Amino acid sequence: MFRPGRARRTTSGAALAVAAVAVPLLSACTGPLSTLDAAGSGAQRIAGLFIVMATVATAVWLFVAGAAVYAARKTPQDNGVRAGHKLIVFGGILLPLLLLGALSYSGLRQANELLEPGDGLVISVTGERWWWRVRYAAPSAPAVVSANEIRMPLGERVEFRLASTDVIHSFWIPSLGGKTDMIPGRLNRLVLEATREGRFRGACAEFCGLSHALMEFDVVVMSPGGFREWLEHQASDARAPSDRVATRGQQLFMQNGCGACHRIGGTSAEGRIGPDLTHVGGRHSIAAGTLPVEPDAIAAWISHPSAVKPGALMPPFSMLGADDLRAIGAYLEGLE
Ligand code: CUA
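Residues numbered from 1 in each chain as written. Predicted model: local features only at pLDDT ≥ 70, side-chain atom pairs only at ≥ 80, totals over all residues. Heavy atoms only, no water.

A. Examining the sheet that holds strand 9 (residues 198–204) more closely. Here we have 5 strands laid out as an open sheet, ordered 4-10-9-6-7, and mixed in their pairing. Taken across any chain shown, the strands that pair with only one partner, and hence form the sheet edges, are strand 4 (149–153) and strand 7 (180–182). In this sheet, adjacent strand axes meet at a mean angle of 25 degrees when their direction is disregarded. Judged from the 2 bridges that link them, strand 6 (residues 169–172) and strand 9 form a sheet pairing that is antiparallel. In the sheet register, tryptophan 172 faces strand 9, and the bridge partner there is alanine 203. Contacts from helix 5 (residues 224–235) reach strand 4 and strand 10 (216–222) within the one sheet, and its direction differs from that of strand 4 by about 135 degrees. (Pairing = 2+ DSSP bridges. Helix = DSSP H or I, 4+ residues; strand = E, 2+ residues; numbered from the N terminus. Axes fitted to C-alpha atoms, helices over the stretch in contact; angles between N-to-C directions. Contact = heavy atoms within 4.5 Å.)

B. How the structure looks around the sheet that holds strand 1 (residues 122–128). Read across the open sheet, the 5 strands follow the order 3-2-1-5-8; overall the sheet is mixed. Both edges of this open sheet fall to strand 3 (144–147) and strand 8 (188–193), since each of them pairs with a single strand only. Within the sheet, the average angular offset between the axes of one strand and its neighbour, ignoring direction, is 25 degrees. Inspection of the sheet shows strand 2 (residues 131–137) paired to strand 3 by 4 bridges, in the antiparallel sense. Counterpart to arginine 135 in the pairing with strand 3 is valine 145.

C. Summary view of the pattern of salt bridges. A complete count under the given rule lists 15 salt bridges for this structure. Here arginine 196 makes a salt bridge to aspartate 37, at a shortest N to O gap of 3.2 Å. Highlighted residues: arginine 196 in the loop between strand 8 and strand 9 and aspartate 37 in the loop between helix 1 (6–27) and helix 2 (41–73), separated in sequence by 159 residues. In this structure aspartate 37 comes out as partly exposed when scored by relative accessible area, which is 26%. Note that arginine 326 and aspartate 296 form a salt bridge whose closest N and O atoms lie 2.3 Å from each other. (Salt bridge = Lys/Arg side-chain N within 4 Å of Asp/Glu carboxyl O. Buried < 20%, exposed > 50% of the residue type's maximum accessible area, 1.4 Å probe, protein only.)

D. The packing of aromatic side chains, seen in detail. Evaluation of the coordinates by the stated rule reveals 8 aromatic pairs. Ring centres of tryptophan 132 and phenylalanine 171 lie 6.0 Å apart, and the angle between their planes is 75 degrees; this geometry places the pair in the edge-to-face category. One end of the pair, tryptophan 132, is in strand 2; the other, phenylalanine 171, is in strand 6, with 39 residues separating them in the sequence. Both residues of the pair, tryptophan 132 and phenylalanine 171, count as buried. Centroid distance phenylalanine 160 to phenylalanine 171: 5.4 Å. Interplanar angle 40 degrees. Geometry classified as tilted. Residue phenylalanine 160 is found in strand 5 (residues 157–164), and its partner phenylalanine 171 is found in strand 6; the two are separated by 11 residues along the sequence. With a relative accessible area of 0%, phenylalanine 160 lands in the buried category. A connected cluster of aromatic rings, assembled from ring pairs, spans Trp132, Phe160, Phe171 and Phe217. Here the guanidinium or amino end of lysine 179 rests over the ring plane of tryptophan 172, the centre of that ring lying 4.2 Å away. (Phe/Tyr/Trp six-rings, centres within 6.5 Å; stacked < 30°, edge-to-face > 60°. Lys NZ or Arg CZ within 6 Å of the ring centre and 35° of its normal.)

E. Representation of a nonpolar patch on the surface. Side chains of Val89, Phe90, Ile93, Leu94 and Leu97 sit close together on the surface and give an oily, nonpolar patch of about 490 Å² of accessible area. With respect to the helices and strands, isoleucine 93 occurs in helix 4 (residues 81–113). (Patch = residues over 30% accessible without salt bridge, like charges linked within 9 Å, V, L, I, M, F, W, Y side chains within 5 Å. Areas by Shrake-Rupley, 256 points an atom, 1.4 Å probe, with all protein chains shown as cover.)

F. Representation of the pairing of strand 1 in the model. Taking burial as the measure, the 7 residues of strand 1 include 7 buried ones, the bulk of the element. Every second residue of strand 1 is oriented toward a common face, with Val122, Ser124, Thr126 and Glu128 on one face and Ile123, Val125 and Gly127 on the other, all of them buried. Taken together, the 7 bridges between strand 1 and strand 2 define a ladder with antiparallel strand orientation. Bridge pairing in strand 2 places threonine 126 opposite arginine 133. Here strand 1 folds back onto strand 2, and the loop between the two strands holds 2 residues. Judged from the 6 bridges that link them, strand 1 and strand 5 form a sheet pairing that is parallel. Paired with isoleucine 123 across the two strands is phenylalanine 160, which belongs to strand 5.

G. Structural detail: the side chain of glutamine 234. In this structure, glutamine 234 sits in helix 5. With a relative accessible area of 12%, glutamine 234 lands in the buried category.

H. Seen up close, the domain arrangement of the protein chain. Each assigned domain of the protein chain is listed here: domain 1 (33–225) and domain 2 (244–333). Taking the mean C-alpha position of each, domain 1 and domain 2 sit 35 Å from one another. Taken together, the contacts link 20 residues of domain 1 with 19 residues of domain 2. For the pair domain 1 and domain 2, the two sides together bury roughly 1,500 Å², of which 51% comes from carbon and sulfur. The interface formed by domain 1 and domain 2 holds 0 salt bridges in total. Broken down by secondary-structure element, the contributors of at least two residues to the side of domain 1 that touches domain 2 are strand 2, strand 3, strand 4, strand 9 and strand 10. Here the side of domain 1 that touches domain 2 is composed, by residue class, of 9 nonpolar, 3 polar and 8 charged. (Domains from an automatic or database assignment. Buried area = accessible area lost by both parts, 1.4 Å probe. Nonpolar A, V, L, I, M, F, W, Y, C, P; charged D, E, K, R; others polar.)

So this is what it looks like as structure tokens:
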């Protein structure tokens with residue numbers, strides 16, 4: 001019978017230890033929520049600063065560890081008291097002052113550059129419990145209200161104006177730039193410039209209540225022309241339902257009072273409390289990155305919002321039958 005020997009256990013133990021360190025390190029380098037896979041000028045600066053700081057910190061750690069080993073092998077008589085004093089003045093006072101001063105100066109200078117003015121497009125994002133209200137204001141373009149997804153043009157410096165309704169959130173798109181708190185009663189600015197087209201992920205980075213972990217959003221970086229077209233489309237009224245089920249869904253939506261909280265442009269639904277649903281079918285998710293935009297998922301959400309998102313402020317509509325819920329789902333999915 002095969003019995004693993006001691007050497008084999010040591011090898012697999014070492015392999016496990018390497019894997020335990022390497023897998024999180026390497027897997028954290030890419031992906032839609034990565035700070036090191038930069039797709040924005042701010043994120044590039046931050047990633048560069050991180051690498052410089054990590055390198056300097058590693059060098060300092062190696063120096064201190066080496067000094068500790070050296071000191072453990074020596075007695076105070078070996079080098080004399082004067083050498084010890086010199087080491088303390090150089091290694092304990094001058095070197096930290098110099099290194100920390102240089103790193104702070106570099107960090108603060110880059111933080112300043114991150115706050116330079118934008119190119120004209122302003123996206124106001126308000127943290128709600130637990131979703132994102134998004135408003136676009138671009139020069140010579142119609143104002144647009146949306147939710148839970150942000151689109152921005154490639155290569156333009158976009159100014160984000162960040163606010164919150166009631167609790168503190170933190171707005172963070174790791175691939176594009178640093179995080180900024182959203183504080184009730186205050187407007188914070190953040191300027192982001194995307195350097196690569198694609199779809200990225202944003203998240204709330206400040207504990208804000210029961211569903212903090214369910215507060216994400218998609219970020220789509222488009223060509224400037226594609227973005228202007230998309231903005232024009234977002235400003236237009238919702239498309240009329242195209243089939244029988246969706247038409248019934250629209251009737252149910254209006255009859256059950258959904259329009260008291262949600263707006264659907266071109267209909268009698270004029271609510272402003274919840275997300276604007278005029279073009280909800282064109283988004284990648286509903287409920288702030290929680291569910292796909294599909295009739296079944298929408299039906300599950302409407303029926304029991306707090307089963308999907310604990311503490312959600314939307315009331316349950318569990319009195320509606322499965323067919324009715326799906327019909328509303330089909331109507332909303334069609335609103336592209
Ligand atoms: Cu919003 Cu955490």
